[in-house]
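Tertiary structure, described
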Amino acid sequence: MTGDDMNGITPTELKSMDESALDALCSQLRGTLLAYGRAHGGHIGSNLGMVEATVALHRVFDSPRDALIFDVSHQSYVHKMLTGRWDAYTDAAHFDEVTGFTNPEESEHDRFVLGHTGTSISLACGVAKTRDLQQAETGSSPTGNVVAVIGDGALSSAVAFEGLNNAASQGGNLIIILNDNEMSIAHNVGGMYGTLDNLRRTQGTYEPNLFRAFGLDYRYIESGNDLHALIRAFQEVKDIDHPIVLHIHTCKGLGLDEVDAQDGFLPGQCESNHWRTPISARQQPLGARKYYGQLAMQYLLHRFASDPGLTVISPATPGSNGITPEFRKLAGRHYVDTGITEEHAVAFAAGIAQAGGTPVLATSATFFQRAYDQLQQELALNAQPTTLLVFSAGISNADNTHSGAFDIAMLGNIPGMTYLTPSNERELLTMLDWSTRSRDHGAVAIRIPSQAVLDEDMASGRSRYPSLELADEIAADSAMTVSSKAGRSAGSSTGTMRLTPPSPFDEYVVEHMGSEVAIIGLGNTMPIARKAGSLLMERTGVKASIVKALQCTRIDTETLTNISANTKVVVTLEDGQREGGWGEHIASWISGNADPTISAMHSVVIGADKEFTDRVPLSTLQKRYGLTPEHIVQRIASALSDNR
């Protein structure tokens, strides 16, 4: 079967094909995935393992009437190929026209936008509940079978267990396909996976059976990459009248060959096959996320011998955050991968801190959203001295489920939370050193710098991985900083541990003093702030004050008061949501101030709009939000004109 033959295949046409031709179809799909991964990159491993299961699903079930809900969507590429999006995986000109996740805007065969983990069973319960109510009241429903597809790695997520619990009590038609490829993003961790291993070993007969314990029906299919076995199994459960788990054993990365092996991508339990980078990108230097992650981990390695309670925690996704296999091996018991369990990971960190340990929890900004209650309650309310490393924060070209643009509004507004925003490598390490050595603080989050900061670090020659000598320098800097700024509370109330305690980084740094205009950059926006200041001087002759903010949880009223005497316009720059963000707090403080010198200053708040964005180029977003030197200078000129 050729690519041209494939182009017109729909789920309806798939059903009419002779079953003997489906093996060739699967071979073509797998070959297409391999070529796509080598050229474009993506979540290739789990998709390669789901080729036969996806063909079988569309052969047996009647999508979109039968709802197919793919958890986290790391398994949905073949589903997309078979539902009108073939060109997006075969023609480089169309590679970026679809997201790597299910999306109803692309196809009626996608019920939800899904990029986070563990929710498919709960979503399926909701869809099935409405179907059952419709059938009871009217005798019919536009929804038939409801099928949730979830991977074994996603099963560790707490919400997946909540969904299983509800499914059993709700009853009715609900089919849960557990794709067990013996891997999460990294290796599976947790006691549940011993049970899954026993079920595989005994062909599904092992007791106690995790799923039967919930009250669910259960069947095991060992040959999860045998198309015909899967078709038979799915036919047997189609239109079933009660919830059932079909546990299928697949091989992650099935089809990866010697070409892929050259880049470390292997079938089976291979962490690197979770996300495939294009062959053309294999020689590129590390991006900011992995670079600064490896930097932080390398620094912490120096600390383990002297701090037996220091523990690095990753709720899955370690490799993407620079937590390399080498680090994990050297860290030993000082490193814990909790699996895809953000809520547990945060509460776990709080428990470590309360017992006197030193937890460092690392994950993406978008994943910290999943643990908001624990961040507020277990950490902040209990004032536990914990360090959070927040990756991929800020505006970016990410898809709409992985945007980091909401972190400042989220973390910056939790009482008792300190959110630090380093703008270079040394600041990052100094903040990390302080937060992990001192216990005179509550929860401290540190925003991992962006690519713009890394580019500036590299260009300036400041960058160097932490040697033992640099580790000692950082410790000395941190101790000096804490000593010189101890007790400084920049414009906030004191007297209760429930409020955000002062930190050595509360004071804004005036890089140089100017007049008329002050440009205050937060963390990642400092390169833009400096360029805007230079452009303003070039075009207008106005020398602006350039001010650096190292945190977004406290207003440095002292510095703002000091610069107010010769400042007419204050510009705040943040690469996060403007509404509810850091700049708005400063503008509110200025406008409502009783001192007429302060309230007379004109505030220009520049940041991201409150919106979801999906794979929009970063340069486009910066222009849209005015985060460019040219736009900033225009805003300043307009504000100065209004004030004259």
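**Digging into the side chain of Thr525**
- Structurally, Thr525 can be placed in the loop between strand E13 (516–522) and helix H23 (526–540).
- From its side chain, Thr525 meets the backbone nitrogen of Leu522 in a polar contact 2.8 Å long.
- Excluding residues within four positions of it along the chain, Thr525 makes contact with Leu573, Glu574, Asp575 and Leu627.

**Some points on the packing of helix H3 (residues 22–39) against helix H5 (residues 51–60)**
- Following both chains from N to C, one finds H3 and H5 inclined at 130 degrees, their axes separated by 9 Å at the closest point. The angle between the axes of H3 and H5 places the two elements in the oblique class. Note that H3 runs across H5; the crossing there is right-handed. Residue-level inspection shows Leu22, Leu25, Cys26, Leu29, Arg30 and Leu33 of H3 in contact with H5, the latter providing Val51, Glu52, Val55 and Arg59.
- Of the residues belonging to the contact of H3 with H5, the class tally is 7 nonpolar, no polar and 3 charged.

**Concerning the pairing of strand E3 (residues 174–180)**
- The buried fraction of E3 is high, at 7 of 7 residues.
- Of the two faces of E3, the one holding Leu174, Ile176, Leu178 and Asp180 and the one holding Ile175, Ile177 and Asn179 are both buried throughout.
- Pairing analysis gives 5 bridges linking strand E2 (residues 146–151) to E3, with the strands arranged parallel. Along E3, the bridge assignment pairs Val147 with Ile175.
- Chirality of the crossover, the property in question, places the unit of E2, helix H9 (residues 158–170) and E3 among those that are right-handed.

**Looking at the sheet that holds strand E15 (residues 567–577)**
- The 5 strands lie next to each other as E12-E14-E13-E15-E16, forming an open sheet whose pairing is mixed. Here the strands that pair on one side only, and so sit at the sheet edges, are strand E12 (509–512) and strand E16 (602–608). Adjacent strand axes in the sheet meet at a mean angle of 20 degrees when their direction is disregarded.

**So, a negative patch on the surface**
- Together, Asp87, Asp91, Asp96 and Glu97 make up a region of like negative charge exposed at the surface.
- Accessibility expressed as a relative area gives 34% for Asp87, which makes it partly exposed.

**Brief notes about empty space enclosed by the protein**
- Applying the stated criterion across every chain yields a total of 2 cavities of 30 Å³ or more.
- Its boundaries defined by the atoms lining it, the largest cavity holds a volume of some 60 Å³.
- Along its surface, the largest cavity is lined by Ile395, Ser396, Ser403, Ala405, Phe406, Ala608, Asp609, Glu611, Phe612, Thr613, Leu621 and Tyr625.
- Classifying every residue of the lining of the largest cavity gives 7 nonpolar, 3 polar and 2 charged.
- In this structure, the second largest cavity spans a volume of roughly 30 Å³.
- As for the second largest cavity, its lining consists of Ser184, Ile185, Ala186, His187, Asn188, Val189, Ala316, Asp337 and Gly339.

**Considerations on the nonpolar core**
- Counting residues in each nonpolar core, the largest one holds 48 residues, and the members touching the most others are Leu29, Val55, Ile175 and Phe234.
- Broken down by element, this core gets its largest block of residues, 7 residues, from H3.
- Residue contacts for Phe234: discarding those within four places in its chain leaves Ala53, Ala56, Leu57, Val60, Phe61, Ile177 and Leu246.
- Ile313, Leu375, Cys552 and Leu560 belong to the second-largest nonpolar core, a separate cluster that totals 40 residues.

**Things to note about the confidence of the model for the protein**
- Residue-level pLDDT values for the protein average 92, and 93% of them are 70 or greater.
- Confidence over residues 486–498 falls short of pLDDT 50; this stretch has 23 contacts with residues more than four positions distant or in other chains.

**Focus: the pairing of strand E4 (residues 217–221)**
- In this sheet, strand E5 (residues 243–249) lies alongside E4 in parallel orientation, the contact comprising 5 bridges. Within E5, the residue paired with Tyr218 across the bridge is Val245.
- The parallel pair E4 and E5 is bridged by helix H12 (residues 227–237), and the resulting crossover is right-handed.

**Description of the pattern of salt bridges**
- One pass over the full model with this rule turns up 32 salt bridges.
- One salt bridge in this structure joins Arg131 and Asp132, with 2.9 Å as the shortest N-O distance.
- Arg131 gets classed as buried once you look at its relative accessible area, which sits at 3%.
- Asp609 is the salt-bridge partner of Arg578, the closest N and O atoms lying 3.2 Å from each other.

**Section: the environment of Pro385**
- Turning to its location among the elements, Pro385 is positioned in the loop between helix H18 (372–381) and strand E9 (387–391).
- The spatial distance from the C-alpha of Pro385 to the C-alpha of His441 is 5.6 Å, given a sequence separation of 56 residues.
- Discounting residues that sit within four places of it in the chain, Pro385 has contacts with Ala353, Pro359, Arg439, His441 and Gly442.

Cut-offs used in this document
- Residues numbered from 1 in each chain as written.
- Predicted model: local features only at pLDDT ≥ 70, side-chain atom pairs only at ≥ 80, totals over all residues.
- Heavy atoms only, no water.
- Helix = DSSP H or I, 4+ residues; strand = E, 2+ residues; numbered from the N terminus.
- Polar contact = N/O pair within 3.5 Å; in protein donor to acceptor, adjacent residues only side chain to side chain.
- Contact = heavy atoms within 4.5 Å.
- Axes fitted to C-alpha atoms, helices over the stretch in contact; angles between N-to-C directions.
- Parallel < 35°, antiparallel > 145°, perpendicular 65-115°, else oblique.
- Left-handed = near helix turned anticlockwise from the far one by under 90°.
- Nonpolar A, V, L, I, M, F, W, Y, C, P; charged D, E, K, R; others polar.
- Buried < 20%, exposed > 50% of the residue type's maximum accessible area, 1.4 Å probe, protein only.
- Pairing = 2+ DSSP bridges.
- Right-handed = clockwise from strand over helix to strand, strands pointing away.
- Patch = residues over 30% accessible without salt bridge, like charges linked within 9 Å, V, L, I, M, F, W, Y side chains within 5 Å.
- Areas by Shrake-Rupley, 256 points an atom, 1.4 Å probe, with all protein chains shown as cover.
- Salt bridge = Lys/Arg side-chain N within 4 Å of Asp/Glu carboxyl O.
- Lys, Arg positive; Asp, Glu negative; His and termini not counted.
- Charge placed at Lys NZ, Arg CZ, Asp CG, Glu CD.
- 1 Å grid on protein atoms, 1.4 Å probe; cavity = no way out; pocket = protein on both sides within 12 Å on 5 of 7 lines; lining within 4 Å.
- Points joined across faces, edges and corners; volume = space filled by probe spheres on them.
- Core = buried A, V, L, I, M, F, W, Y, C linked by side-chain atoms within 4.5 Å.
- pLDDT = per-residue confidence, 0-100.

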